[in-house]
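Notes for the structure review
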Amino acid sequence: QQPTTNNQQPTTIQPTQRNPKKQKTTMISSAFGRSRPLMARYDVSPHLTKWWKAVRPDDGQITRHLSPFEQQVMMPWLKTFPKRAYDKFSDSGPYVVVTAILVYGTAAWSDKQDELQDRSYRY
């Protein structure tokens, strides 16, 4: 406002609207400018928000869980152990048994032949 003299009424200076489109965009940006801090990440330091912008925060805090005494960690294993052991043995058992018989038989036969050779030079 301009200062008034005795005879003059106070006059106000009205800003001229040169570009109404620019005024609309500034009005919209100022409206969203107030909510900008709400959209920012609160769990990261301000200087690291660009670095962490793609990382989503955890969806919540764990409020309910099972006690270690209620989890029964061994029960499923004990219930399925006999069937799994039978399946594994029936799958690869014949190969293991045949291989064990061949290895034991070869070792026993070679020991017997070595003993016979040691005794053949006597008397």
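Residues numbered from 1 in each chain as written. Predicted model: local features only at pLDDT ≥ 70, side-chain atom pairs only at ≥ 80, totals over all residues. Heavy atoms only, no water.

1. Considering the pattern of salt bridges
Throughout the structure, instances matching the rule amount to two salt bridges. Between Asp-87 and Lys-83 there is a salt bridge, and its shortest N-O distance comes to 2.9 Å. Placement of the pair is Asp-87 and Lys-83 together in helix H3 (residues 75–120), with a separation of four residues, close to one helical turn. When its relative accessible area of 35% is taken as the criterion, Asp-87 is described as partly exposed. Across the pair Arg-119 and Glu-115 runs a salt bridge, and its minimum N-O distance is 3.4 Å. Separated by four residues within a single helix, Arg-119 and Glu-115 lie in helix H3, roughly one turn from each other. (Salt bridge = Lys/Arg side-chain N within 4 Å of Asp/Glu carboxyl O. Helix = DSSP H or I, 4+ residues; strand = E, 2+ residues; numbered from the N terminus. Buried < 20%, exposed > 50% of the residue type's maximum accessible area, 1.4 Å probe, protein only.)

2. Regarding the packing of aromatic side chains
The relative placement of two aromatic rings is captured by the distance of their centres and the angle of their planes. Inspection of every chain in the model, using the stated rule, returns one aromatic pair. Ring centres 5.0 Å apart and planes at 40° place the aromatic pair Trp-77 and Phe-81 in the tilted group. Of this pair, Trp-77 and Phe-81 both sit in helix H3, four residues apart, roughly one helical turn. Of the residues examined, Phe-81 reaches a relative accessible area of 40% and is grouped as partly exposed. (Phe/Tyr/Trp six-rings, centres within 6.5 Å; stacked < 30°, edge-to-face > 60°.)

3. Description of unusual backbone geometry
Phi angles above zero are rare outside glycine, and Gln-72 is one such case at about 55°. If you trace the backbone, Gln-72 turns up in the loop between helix H2 (36–39) and H3. Judged by its relative accessible area of 53%, Gln-72 is exposed.

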